[in-house]
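Summary of structural features
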Amino acid sequence: MGTAGCSRPAAGEGGTLNNLGQRQGNLLCSDEIYAEVIINHVAPDVDRPFTYKIPPHLTGRISIGSRVLVPFGPQKLVGDVVGFTDQAPPVKLKSLIKLLDEQPLFDAQQLDLARWVAQRYCCPLREALRLVIPPGVSRSQVSTVAVTDEGRRIGPEQLSRAPRQAQVFDLIQAAGGEEDLDNLVQQVQRQAKSKLSRSAVLAAVCSLEKKGLVERRRGLTRPAANRRTQQVVQLCGEDRDWVEVAEQLSTGATRQAEVVRTLMESGGALPVAELSRHAVAALADKGIVRVSERRIQRIPEEPGLGNVDPEALSPTAAQKIILQRVKQALRVGRHEALLLHGVTASGKTEVYLQAIEAAQGEGRSAIVLVPEIALTPQMVGRFRARFGDNLALLHSALSAGERYDEWDRVRRGEADIVIGARSAIFAPSRNLGVVVVDEEHEHAYKQESTPRYLATAVAAERARRSNAVLLMGSATPSVEAYWHARHEDGLSLMTLPQRIDSRPFPPVQVIDLRTETLMGKGGSFSQMMLEAIADRLERGEQAILFLNRRGFSTFVMCRDCGYVLRCPDCAVSLTYHHSSRRMRCHHCDYSLPVPDLCPNCGGYEIGFYGLGTERVTDQIKREFKSATVARMDRDTVSRKGAHGDILRSFARGEADILVGTQMIAKGLDLPNVTLVGVLNADVGLHTPDFRAAERTFQLLTQVAGRAGRAEKPGEVLVQTYNPDHYAITTAKEHDYVAFYEREIRARRHNLYPPFVELANLVFLDEDAENALNTARRAAVCLQDMGVFFKKGDVQFLGPAPAPLHKLRGRYRYQMLLKATDMEQLNQTVRDLQERLVDTGSTQIVYDIEPMDMM
């Protein structure tokens, strides 16, 4: 790649500015300074900075975070400036072509955090940089194919002997004469009767190029988001008699006079689009009005649940202890990391609010992470009530424009407090004082695509770098976090052991389904569950029914031969959805109607088995005909804002019963809910994942915490076939410590976190044998590196078929790496990545700190 600039070793990335006495930004005005650029291009051996000259027209305009267009071999590619050097490599350098954004997309601190993410999660720096740049501004090179003037003159008969070329040519013309090359290839492949390779389509394009009928063009995609502005007009000058001006204009320019009178009445600027453009232009030429651009702020919709008291509450004794520690750390600028173990309804949110107020008092900002912001409407409402417009929301449910505007408000210092899902930890907050991670145990903090970061770990690192206070709160902390806090290993344990006003915990009754006869319409409820629901309806109270499985029936089976209808691309059965009358795969969204006959034996006995939230809703409506039932799962909240509509309706009492999956297990504080029914506590309990028991305990404890949160006492009923399992017995007693003691013994015995660091290596291929062979090759490489099966400071397990062996058309094999510390694990994975460069069609996923073992 010497012609593209010159690459520099990765070790020099962090030291270039230090060598220059920290020269950066607009101080760069010497011809002796060279820019180091990370190229946004997926190719072997490209994940390192390349050195370029800074041409005269860009001198003084380039800084860290500048997005530039650079020559790279025969191409022109987008890159990000990550440093500068005054040491020119002994080769001929090329120059930067163009500055794509006047304002840098990230600064030196954000760059350092991105480097940390790339190092910890073994991903390319270009991928980590995507986390810190403004949302929606990514630009990449796009190739299109366009019909030439010669092509427009030909008739269809001239390509009759080349049907593939004719097909390609017709598709380009149908797209208006120009089509994206990738889209073109996909369209031709979809229309092909048999499998067609990309190279075959490109060969047809090349043939058309040689005939002069089409040409390839390269350009940059437009950003998905940017500042939105509108033209506004206002009167010029304060000392003019505008009534007289309007009178003078009314004789020969009535529309201009109307514009002046309208502006007089408004008392300020108005959008040009609301007035006569010709009249405004004429008035501007006369110096009577001034036209300017005004920023339009896109305001996100908030899932609040009504009015919230903005006043701070008087802290309890336990809250005061925590807040005193937070305030002391803020006063002296000391980093402090606290695990806040507070039972449900113990006032953790109030601690967060008052800690942030203390940070504001010291002139510092705050970031608050929640697992899914759509599912915590009351928390968002409390933060908005307390902090008003000083709060910014950042989460994936916002439009690209809304996210960009909120991010920009934070960058400009207009919002000091950020609340959002995992990606909000990368917000451009300045002088960070407090970082809150609510529901620290939630697996939603894990990013399941590259870069596969864990937001709780990033939050801890960012708080450490900023000398900020880290508050991680949960009623059911992760076993790893609780262990570290107990051992004062970078984390201190603080407790809120009682509910506010010493309200009692709701009693939990476990119903043993092994000895119960299930009743009701469809046979899903015990007698005790039905009686409890009827009792709440009679008293005018509300109930929540929890089942962590959506759909109507979880599988469809032929009663004659036992054939189960399965997804052809995933190793799972199809779930029947009654509302759409279709069977659907919850992994890849493949669907088809229910067949009249069994595809295997031709029999008529097609049966629906298993229980999902849709079926529960149907059964409850038939059992309690006068009750109003709402449902909340992924199917019912797919529309933007739907979650807020459902929760607001339930909070207003417009529904008596709310049926839902895990999204109703947290963030709800509804005083009229006095019954929580768990219909099947065993869902997920026996999955092949070392965290299965922990997840079950957490879900049961969290959903039980929705009952009895106000004056009315609550009750929790749990149906299970495993009443003696420790995850269920400890959840019944609201006893986290007892669960932890039992679980930590199993983790120590089986060598799982917190006693080791983990990496899950997943090998994916449409051909199962290719995937397995690559996995075996990885095992051999590890042994050559001195890493062995089940022994040593770094060891591996596998390869073995993944529990979900086929997903979205690709077979999956797994290997598990265990190491005594993260540095060893990172080094092992990076060494393996260097040895496994060419894996053919097999993709390897390197998942550090995995949360999903399936």
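In this numbering scheme, every chain counts its residues from 1 along its sequence in written order. Note on the predicted model: pLDDT of at least 70 is required for a residue's local features to be given, and 80 or more for side-chain atom pairs to be given and counted; whole-chain, interface and lining totals, by contrast, use all residues. Side-chain measures were taken over the full set of non-hydrogen atoms in the model, leaving aside hydrogen atoms and water.

A look at the overall build of the protein
Per the convention used, a helix needs a DSSP run of H or I reaching at least four residues, while a strand needs a run of E reaching at least two, with both numbered from the N terminus. A tally of regular secondary structure across the protein gives 24 helices and 35 strands. The principal-axis extents of the C-alpha atoms in the protein amount to approximately 85 × 75 × 60 Å. Buried, partly exposed and exposed residues are distinguished by accessible area as a fraction of the type maximum, computed with a 1.4 Å probe on protein chains only: under 20%, between the cut-offs, and over 50%, respectively. Buried positions account for 53% of the 854 residues belonging to the protein. Taking as baseline every contact in the protein between residues at least 6 positions apart, the subset at least 24 positions apart corresponds to 75%. Shrake-Rupley sampling with a 1.4 Å probe provides the accessible areas, and residues are treated as covered by the protein chains on show and by no other component. When the accessible surface of the protein is split by element, carbon and sulfur atoms take 47% of a total near 38100 Å². Positive and negative side-chain charges of the protein, numbering 107 and 104 respectively, have mean locations separated by a distance of 3 Å. We call two residues in contact whenever any of their non-hydrogen atoms come within 4.5 Å of each other. Residues counted as positive are Lys and Arg, residues counted as negative are Asp and Glu, and His and the chain ends are not counted. In plain terms, the charge of a residue is placed at NZ if it is Lys, CZ if Arg, CG if Asp and CD if Glu.

Describing the state of the cysteines
The rule for a disulfide is simple: a pair of cysteine sulfur atoms within 2.5 Å. One pass over the structure, following the stated rule, counts zero disulfides. With no disulfide of its own, Cys585 has Cys588 as its nearest cysteine by sulfur position, at a separation of 3.8 Å.

Considerations on the sheet that holds strand E23 (residues 575-577)
Here, a strand pair is defined by DSSP locating no fewer than two bridges between the strands. Ordered in space as E23-E24-E25, the three strands form an open sheet in which the pairing is antiparallel. Across the chains shown, the open sheet's two edge strands, defined by having one partner strand only, are E23 and strand E25 (591-593). Between one strand axis and the next, the sheet turns by 30° as a mean value, whatever way the strands run. Sheet analysis places strand E24 (residues 582-584) next to E25, joined by three bridges and oriented antiparallel. Note that in E25 the partner of Met583 across the bridge is Leu592. For helices, the axis comes from a line fit to the C-alpha atoms of the stretch in contact; other axes are also lines fit to C-alpha atoms, and the angle between any two N-to-C directions lies between 0 and 180 degrees.

Brief notes about the confidence of the model for the protein
For every residue, the pLDDT score states the predictor's confidence, bounded by 0 at the bottom and 100 at the top. Put simply, the protein has an average pLDDT of 87, and 94% of its residues get 70 or more. Across residues 8-30 the pLDDT falls below 50, and counting only partners more than four positions away or on other chains, this stretch makes 41 contacts in the model.

Here's the deal with helix H19 (residues 642-651)
Of all 10 residues that make up H19, eight are buried, and the element is covered over most of its length. For H19, the set of buried residues is Ala642, His643, Gly644, Ile646, Leu647, Arg648, Ser649 and Phe650. On its buried side, H19 packs onto helix H13 (377-387), strand E21 (542-546), strand E27 (629-632), strand E28 (657-660) and strand E29 (673-678). A positive backbone phi angle near 85° is found at Gly653, which sits one or two residues after H19.

Some details on the packing of aromatic side chains
Aromatic contacts are taken between Phe, Tyr and Trp rings whose centres are within 6.5 Å, Trp giving its six-membered ring; a plane angle under 30 degrees counts as stacked, one over 60 as edge-to-face, and the others as tilted. All told, the structure shown has 12 aromatic pairs when counted by the stated rule. Consider the rings of Tyr482 and Tyr736, whose centres lie 4.9 Å apart with planes at 75°: the pair is edge-to-face. Taken together, the residues Tyr482 in helix H16 (residues 479-486) and Tyr736 in helix H22 (residues 736-750) connect sequence positions 254 residues apart. The exposure classification of Tyr482 matches that of Tyr736, with both residues buried. Over a ring means this: the NZ of a Lys or the CZ of an Arg is within 6 Å of the ring centre and within 35 degrees of the ring normal. In this structure, Lys818 packs its charged tip against the face of Tyr752, placed 4.1 Å from the ring centre.

Focus on the sheet that holds strand E11 (residues 270-271)
Ordered in space as E11-E10-E12, the three strands form an open sheet in which the pairing is antiparallel. Both outer strands of the open sheet, E11 and strand E12 (289-296), are each paired with one neighbouring strand and no more. Bridge analysis of strand E10 (residues 228-235) against E12 gives eight bridges, and the strand direction is antiparallel. Bridging across to E12, Gln231 finds its partner in Glu293.

Section: the packing of helix H2 (residues 108-120) against helix H15 (residues 455-465)
In contact at an axis separation of 11 Å, H2 and H15 are set at 140° when each is read in the N-to-C sense. Taken together, H2 and H15 sit at an angle that is classed as oblique. At the point where H2 passes H15, the crossing takes the right-handed sense. Across from Asp112, Leu113, Trp116, Val117 and Arg120 in H2, the residues of H15 making contact are Ala457, Val458, Glu461, Arg462 and Arg465. Tallied by class, the residues present in the contact of H2 with H15 amount to five nonpolar, no polar and five charged. In these notes the angle categories are as follows: under 35 degrees is roughly parallel, over 145 is roughly antiparallel, 65 to 115 is roughly perpendicular, and the rest is oblique. Note on convention: the crossing is left-handed when the near helix lies turned anticlockwise from the far helix by less than a right angle, right-handed when the turn is clockwise. Gly is put with the polar residues, along with every residue not named as nonpolar or charged; the nonpolar set is Ala, Val, Leu, Ile, Met, Phe, Trp, Tyr, Cys and Pro, and the charged set is Asp, Glu, Lys and Arg.

Overview of the pairing of strand E2 (residues 34-39)
Burial runs high along E2: six of the six residues are buried. On E2, burial covers both faces: Tyr34, Glu36 and Ile38 on one face and Ala35, Val37 and Ile39 on the other are all buried. Bridge count for E2 against strand E3 (residues 50-53) is four bridges, and the pairing is antiparallel. Of the residues in E3, the one forming a bridge with Glu36 is Thr51. Here six bridges tie E2 to strand E5 (residues 75-85), and the two strands are oriented antiparallel to one another. When the sheet's bridge partners are listed, Ile38 is paired in E5 with Asp80.

Points about the pattern of salt bridges
Salt bridges are defined as contacts in which a side-chain nitrogen from Lys or Arg sits within 4 Å of a carboxyl oxygen from Asp or Glu. Counting across every chain of the model gives 49 salt bridges. We note a salt bridge from Arg217 to Glu215, for which the minimum N-O separation is 2.9 Å. For Glu215, a relative accessible area of 33% translates into the label partly exposed. Measuring nitrogen to oxygen at the nearest pair gives 3.8 Å for the salt bridge that ties Arg747 to Glu480. Within this pair, whereas Arg747 is found in helix H22, its partner Glu480 is found in helix H16, the two being separated by 267 residues in sequence.

Considering the packing of helix H11 (residues 317-332) against helix H12 (residues 348-361)
Viewed as axis vectors pointing N to C, H11 and H12 meet at an angle of 25°, and their least axial separation amounts to 10 Å. By the criterion of interaxial angle, the relationship of H11 to H12 is roughly parallel. Classified by chirality, the crossing of H12 by H11 is right-handed. The segment H11 lies against H12, with Gln319, Ile322, Leu323, Val326, Lys327 and Leu330 engaging Glu350, Val351, Gln354, Ala355, Ala358 and Ala359.

Section: unusual backbone geometry
Leaving glycine out, the prevailing phi sign among residues is negative, and the prevailing peptide bond configuration is trans. Following Thr450, the chain continues to Pro451 via a peptide bond in cis, the omega torsion being -5°. Turning to its location among the elements, Pro451 is positioned in the loop between strand E17 (432-438) and H15. The omega angle of the peptide bond from Pro753 to Pro754 is 15°, so this bond is cis rather than trans. For Pro754, the position within the fold is in the loop between H22 and strand E31 (757-765). In the Ramachandran plot, Asp589 falls in the positive-phi region, its phi being about 75° despite a non-glycine side chain. Within the element layout of this structure, Asp589 appears in the loop between E24 and E25. Positive phi values are uncommon outside glycine, yet His734 reaches one of about 55°. Inspection of the secondary structure assignment puts His734 in the loop between helix H21 (726-732) and H22. His734 gets classed as partly exposed once you look at its relative accessible area, which sits at 23%.

Comments concerning the pairing of E28
Side chains of E28 alternate between two faces, with Ile657 and Val659 and Leu658 and Gly660 buried alike. Sheet topology note: the E21/E28 ladder contains four bridges and is parallel. Bridge assignment links Leu545 to a residue of E28, and that residue is Val659. Direction of pairing for E27 relative to E28: parallel, over a ladder of four bridges. Note on E28: the bridge partner recorded for Ala630 is Leu658. The path from the first strand over the helix to the second decides the hand: if it runs clockwise while the strands point away from the viewer, the crossover is right-handed. Of the crossover connections in this fold, the one passing from E27 over H19 to the parallel E28 is right-handed.

Focus on H13
Counting buried residues in H13 gives eight out of 11 residues, a clear majority hidden from the surface. Within the sequence span of H13, burial applies to Pro377, Gln378, Met379, Val380, Gly381, Phe383, Arg386 and Phe387. A positive phi of about 60° marks Gly388, the residue just after H13.

A word on the side chain of Thr696
With respect to the helices and strands, the residue Thr696 is situated in helix H20 (residues 692-704). A relative accessible area of 5% means that Thr696 is categorised as buried. Looking at Thr696, its side chain comes within polar contact range of the main-chain oxygen of Ala692, at 3.1 Å. Setting aside its immediate chain neighbours within four residues, Thr696 contacts Ala681, Gly684, Leu685 and Ala727. Pairing of N or O atoms within 3.5 Å defines a polar contact, subject to two protein rules: one partner must be a possible hydrogen donor and the other a possible acceptor, and residues neighboring in sequence count only if both atoms are side-chain atoms.

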